[in-house]
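# Structural characterization, general
Here are the chains, one letter per residue:
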Amino acid sequence: MFNLKGKSFIVTGAASGIGRAIALVLGEAQASVAVADYDPGGAADTATMLNKSGANAQAIKADVRDEKDVKAMVDRAMATYERLDGAANVAGISTRSLKLCELSLADWRNCIAVNLTGAFLCLKYQIPAMLKTGGGSIVVVSSTAATQGGCVRKRNTHVVLAMDIDLAYVLREIWHASLTKVFAKQACCPATACRQI
Ligand SMILES: NC(=O)c1ccc[n+]([C@@H]2O[C@H](COP(=O)([O-])OP(=O)(O)OC[C@H]3O[C@@H](n4cnc5c(N)ncnc54)[C@H](O)[C@@H]3O)[C@@H](O)[C@H]2O)c1
């Protein structure tokens, strides 16, 4: 296991799933972890797991759709750890309906707000914070949907038009690719890497 003692990280979407798993791995590597999520109970549980295993974690309630929350999340991590060496932006959702014609405008907007605007806001505030202490690495968790399309193939159906495609989800993955490329270039610092995975 690599050693990240003295380094600090923000993980969004860390109340469950992939985000929690990443936070726990960072803790195992002795990093300090800001465990961010809009689910405060889940974030607190992840932070407790980390702290019980000897890591230095704090739970932060942050909704990535909300610029004030994202700024406060980064400010708090910086205030506590005095540096930001990395971030894993994992917070994400899919739409409730896969069928384009049944997708409500509210669901579409929410998917774009969490998955795309959320990623943008995190990068917007994390990069300047990282540059203050010499740079770092950012991962934006995406999906193979970006390259393969996100679809549920109905049994015995191989006709493209008959597939249900989570269009908002697929688009966010494609836009993630562009977003991370632009931010990586604009960070203009060889010490800051930004990747979509
Ligand atoms: N699980 C998979 O197989 C898979 C495959 C490809 C991509 N992904 C992507 O990986 C990411 C995480 O997936 P997961 O399976 O761990 O999902 P999950 O639902 O377990 O975790 C997502 C987390 O994001 C948080 N979240 C949602 N909206 C938020 C918001 N507005 N602000 C802050 N936090 C918010 C949720 O509370 C949750 O803790 C998602 O972006 C998902 O699209 C997952």
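Anything mentioned here points back to the structure above.
So, here is what we can say about the structure in this document.

Rules and cut-offs
Residue numbers run consecutively from 1 along every chain, following the written order of its sequence. In view of the model being predicted, local features appear only for residues whose pLDDT reaches at least 70, and side-chain atom pairs are presented and counted only at 80 or more, with totals across whole chains, interfaces and linings using the full set of residues. Note on definitions: a residue is near a molecule or strand provided its C-beta atom, placed from the backbone, lies within 6 Å of it. Only DSSP runs of H or I covering at least 4 residues are called helices, and only runs of E covering at least 2 are called strands; the numbering of each starts at the N terminus. To obtain an axis, a line is fitted to C-alpha atoms, over the contacting stretch when the element is a helix, and the angle between two such axes runs from 0 to 180 degrees between their N-to-C directions. Reported orientations rely on four angle classes, namely roughly parallel under 35 degrees, roughly antiparallel over 145, roughly perpendicular from 65 to 115, and oblique for the rest. In this scheme the crossing of two helices becomes right-handed for a clockwise turn of the near helix relative to the far one and left-handed for an anticlockwise turn of less than a right angle. We call two residues in contact when their backbone-placed C-beta atoms lie within 7 Å. For this entry, the nonpolar core is defined as buried Ala, Val, Leu, Ile, Met, Phe, Trp, Tyr and Cys residues connected by C-beta atoms within 7 Å. We call a residue exposed when 12 or fewer other C-beta atoms sit within 10 Å of its C-beta, buried when the count reaches 20 or more, and partly exposed for counts in between; the C-beta positions come from the backbone.

Around the ligand sit 22 residues, and of these Gly13, Gly17, Ile18, Ala91 and Gly92 come closest. Listed by contribution, the elements that provide at least two residues to the shell around the ligand are helix H1 (17-28) and helix H4 (105-132). In terms of residue count, the dominant contributor to the shell around the ligand is H1 (three residues).

Let us now look at the packing of helix H3 (residues 67-81) against H4. Their axes nearest at 9 Å, the elements H3 and H4 cross at an angle of 25°. Judged by the angle between their axes, H3 and H4 are roughly parallel. Considering the relative orientation of H3 and H4, their crossing is right-handed. Taking contact as the criterion, the partners of Glu67, Val70, Lys71, Val74 and Met78 in H3 are, on H4, Leu121, Cys122, Tyr125, Gln126 and Ala129.

Another aspect to go through is the nonpolar core. Proteins that are soluble and globular tend to have nonpolar side chains buried together. With 46 residues, the main nonpolar core has Ile10, Val11, Ala23, Val33, Val35, Ala36 and Met73 as its most contacted residues. Of the residues forming this core, the biggest block, nine residues, is contributed by H4. In contact with Ile10, not counting residues within four places along its chain, are Ala34, Ala36, Met73, Val74, Ala77, Leu84, Ala87 and Gln126.

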